[in-house]
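Each chain, written out:
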Number of protein chains: 2
Amino acid sequence: MPKDSVPRPTLQRLPAYLQLLKRMQQSGATNVSCNDIAGELSLNPVSVRKDLAAVSSSGGRPKIGYVLDTLILDVEKYLGYARTHQAVLVGVGHLGGALLAYPGFAAYGVEILAAFDHSRTLIGSRIAGKPILDVANISQWCRNHRIEIGVLTVPASAAQSACDALIAGGVRGIWNFAPTHLRVPRGILVQSEDMAIPLAMLSKHLEQPEYE
Amino acid sequence: MPKDSVPRPTLQRLPAYLQLLKRMQQSGATNVSCNDIAGELSLNPVSVRKDLAAVSSSGGRPKIGYVLDTLILDVEKYLGYARTHQAVLVGVGHLGGALLAYPGFAAYGVEILAAFDHSRTLIGSRIAGKPILDVANISQWCRNHRIEIGVLTVPASAAQSACDALIAGGVRGIWNFAPTHLRVPRGILVQSEDMAIPLAMLSKHLEQPEYE
């Protein structure tokens, strides 16, 4: 199994660069320097320089910097947004419904084609034009539609079986919003969003004495 | 300004411990060992031992382990879930509406009292019993209700001004879902959820060649 070659800290900074670069482009700028980016995002210019060198072969020139249009394309390509990955969602509750209706995933190279639920009243209906199908058909449907990403917005108790069904259908990336640990075979990436962590960080912060 | 004394890796593991401990409690267990936890969550037992020693003064005994009920209370107290922090939400779109309707925040010690929006059709209505108020009143309302946490689900272009209004109202923790960098004074914690990062991790994973 090859090691994941992506330097995670770089990957975590790149989406913020992309947002900033697009804002600069909209406001009419044509070039950008590492120092500009570092200043705007309160980062170390050395890190920014290294990140961009890893991502873009176009190279920044002294006093001129990077050409904004080229750099944006390079970052998008590196982040995998240039190609569209097909996804399904499992669990159409509050969060699942919100994600289904969210129009912004296309900008990240992800398209949700359908959702699955076990509720008889939901199956057969549509949200934002996307069909809600029976969870019993997850594996076959994913296999037939060459689905790569599964978004899990089910309760914790239903997460492992839904995850197993997605993987049986050929899915290789799981975006997990269920508050539970998932067991997966090698070669499958689980990206978990646990809102308990940010809330714990905020709560701990608020328990510190107030200071100026 | 005192340094944040919370060891972040420990804090990131504790919510997963808590989920597991509660599942064990529901299934009738009374004691748990560090090795049990490490095995279930695929972690190093040494890390688990250190984490629990930092959090619980009750101590694990050889061959018996921790008393489950006591350990759960210790972890909840450490995570700040024992005390309730009052919050407001700004921006009642798809995601904001889903978070407002989500009944599970109480378990994390957070209660959303009200939401703010600029839409004339939304102001005056309620979602999940919570009033939707005019964004113009954020600062004063937060000050009057001693709000500690602000949840930002506005578009990027509206995020900084909403953040400034929350801070002017005495809020010290910002849970930011807007895809933008926020500038805040010292003593304010911003916890940002950028879905571009997990999606980029998944996309990069899918571009690697498939392997067994």
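Please refer to the structure placed before this passage.
Now for a look at the structure at hand.

**Overview of the overall build of chain A**
Next, step 1: Secondary structure summary: chain A contains eight helices and nine strands in total.
Next, step 2: Dimensions of chain A, computed from the C-alpha atoms along their principal axes, are close to 60 × 50 × 40 Å.
Next, step 3: Burial statistics for chain A: of 212 residues in total, 49% are counted as buried.
Next, step 4: Counted over contacts in chain A with a minimum sequence separation of 6, partners at least 24 positions apart contribute 55%.
Next, step 5: Separation of charge centres in chain A, based on 20 positive and 17 negative side chains, amounts to 9 Å.

**A few points about the pairing of strand S6 (residues 130-134) of chain A**
Residue and element names in this part refer to chain A.
Next, step 1: Note: strand S4 (residues 110-117) against S6, three bridges, orientation parallel. Note that in S6 the partner of alanine 115 across the bridge is isoleucine 132.
Next, step 2: Taken together, the two bridges between strand S5 (residues 126-127) and S6 define a ladder with antiparallel strand orientation. Bridge assignment links arginine 126 to a residue of S6, and that residue is proline 131.

**Side note on the packing of helix H3 (residues 45-55) of chain A against helix H4 (residues 68-78) of chain A**
The axes of two packed helices give the description: the angle between them and the distance between them.
Residue and element names in this part refer to chain A.
Next, step 1: Where H3 contacts H4, the axes come no closer than 9 Å and their chain directions differ by 75°. Classed by the angle they form, the pair H3 and H4 counts as roughly perpendicular. Judged by residue contacts, Leu52, Ala54 and Val55 of H3 engage Leu71, Asp74, Val75 and Tyr78 from H4.
Next, step 2: Split by residue class, the contact of H3 with H4 holds six nonpolar, no polar and one charged.

**What about the relation of the copies chain A and chain B?**
Next, step 1: Take chain A, turn it by 180°, move it 0.0 Å along the axis, and it overlays chain B with an RMSD of 0.0 Å. Given the turn and translation reported, the copies of this chain are related as if by a two-fold rotation axis. Rotation axis and chain A: the residue whose C-alpha lies nearest the axis is alanine 98 of chain A, separated from it by 3.1 Å.
Next, step 2: Of the residues that chain A buries at the interface, 100% are likewise interface residues in chain B, meaning the two copies contact each other through the same surface.

**Considerations on the interface of chain A and chain B**
Next, step 1: Taken together, the contact between chain A and chain B spans 62 residues of the former and 62 residues of the latter.
Next, step 2: Interface area, chain A with chain B, both sides summed: about 6,200 Å², of which 65% is carbon and sulfur.
Next, step 3: Its largest share of buried area at the contact with chain B, chain A owes to Arg172, Met201 and Leu206 of chain A, together 12% of the area lost on that side.
Next, step 4: Joining chain A to chain B, the criterion identifies two salt bridges.

**A closer look at the environment of proline 62 of chain A**
Next, step 1: Structurally, proline 62 of chain A can be placed in the loop between H3 and strand S2 (66-67).
Next, step 2: Its relative accessible area of 71% is what places proline 62 of chain A among the exposed residues.

**Some details on the pattern of salt bridges**
Next, step 1: Taken as a whole, this structure holds ten salt bridges over all chains when the rule is applied.
Next, step 2: Of the charged contacts, one joins glutamate 76 of chain A and lysine 22 of chain A as a salt bridge, the two residues approaching to 2.9 Å between their closest N and O atoms. Taken together, the positions of glutamate 76 of chain A in helix H4 and lysine 22 of chain A in helix H1 (residues 8-26) put the pair 54 residues apart, joining distant regions of the chain.
Next, step 3: Looking at glutamate 76 of chain A, the relative accessible area reads 19%, which means it is buried.
Next, step 4: Close ionic contact of aspartate 51 of chain B with arginine 13 of chain B constitutes a salt bridge, the shortest N to O distance being 2.6 Å. With aspartate 51 of chain B in helix H3 (residues 45-55) and arginine 13 of chain B in helix H1 (residues 8-26), this pair connects stretches of sequence that are 38 residues apart.
Next, step 5: Aspartate 51 of chain B sits in the buried class, given a relative accessible area of 2%.
Next, step 6: Judged by relative accessible area, which is 23%, arginine 13 of chain B ranks as partly exposed.

**Section: the pairing of strand S3 (residues 85-90) of chain A**
Residue and element names in this part refer to chain A.
Next, step 1: The element S3 is extensively covered by neighbouring structure, given that five of its six residues are classed as buried.
Next, step 2: Crossover connection from S3 via helix H5 (residues 94-101) to parallel S4: handedness right-handed.
Next, step 3: Alignment of S3 against strand S7 (residues 149-152), held across four bridges, turns out to be parallel. Of the residues in S7, the one forming a bridge with leucine 89 is valine 151.

**Points about the packing of helix H2 (residues 34-41) of chain B against H3 of chain B**
Residues and elements named next belong to chain B.
Next, step 1: At their nearest, the axes of H2 and H3 sit 8 Å apart, and the two run at 125° to each other. Taken together, the axis directions place H2 and H3 in an arrangement best described as oblique. With respect to the hand of their crossing, H2 and H3 are arranged in right-handed fashion. Here H2 contributes Cys34, Asn35, Ile37 and Ala38 to the contact with H3, which in turn contributes Pro45, Val48, Arg49 and Leu52.
Next, step 2: The residue inventory of the contact of H2 with H3, partitioned by class, reads six nonpolar, one polar and one charged.

**Things to note about the packing of aromatic side chains**
All names here are of chain B.
Next, step 1: What the rule picks out here adds up to eight aromatic pairs over all chains.
Next, step 2: Taking the centre distance of 4.9 Å and the plane angle of 70° together, the rings of tyrosine 102 and phenylalanine 105 count as edge-to-face.
Next, step 3: Overall, tyrosine 102 belongs to the partly exposed group, its relative accessible area being 28%.
Next, step 4: With a relative accessible area of 4%, phenylalanine 105 lands in the buried category.

**Remarks on the sheet that holds S3 of chain A**
Residues and elements named next belong to chain A.
Next, step 1: Read from one edge of the open sheet, seven strands run S5-S6-S4-S3-S7-S8-S9, paired in mixed fashion. Edge positions in the sheet fall to S5 and strand S9 (189-192), since each has one partner strand and no second.
Next, step 2: Running over the sheet, helix H7 (residues 156-168) touches S3, S7 and strand S8 (173-176) and is turned about 170° from S7.

What counts, and where the lines are drawn
Residues numbered from 1 in each chain as written. Chains lettered and ligands numbered in written order. Predicted model: local features only at pLDDT ≥ 70, side-chain atom pairs only at ≥ 80, totals over all residues. Heavy atoms only, no water. Helix = DSSP H or I, 4+ residues; strand = E, 2+ residues; numbered from the N terminus. Buried < 20%, exposed > 50% of the residue type's maximum accessible area, 1.4 Å probe, protein only. Contact = heavy atoms within 4.5 Å. Lys, Arg positive; Asp, Glu negative; His and termini not counted. Charge placed at Lys NZ, Arg CZ, Asp CG, Glu CD. Pairing = 2+ DSSP bridges. Axes fitted to C-alpha atoms, helices over the stretch in contact; angles between N-to-C directions. Parallel < 35°, antiparallel > 145°, perpendicular 65-115°, else oblique. Nonpolar A, V, L, I, M, F, W, Y, C, P; charged D, E, K, R; others polar. Least-squares fit on C-alpha atoms with pLDDT ≥ 70 in both. Buried area = accessible area lost by both parts, 1.4 Å probe. Salt bridge = Lys/Arg side-chain N within 4 Å of Asp/Glu carboxyl O. Right-handed = clockwise from strand over helix to strand, strands pointing away. Left-handed = near helix turned anticlockwise from the far one by under 90°. Phe/Tyr/Trp six-rings, centres within 6.5 Å; stacked < 30°, edge-to-face > 60°.

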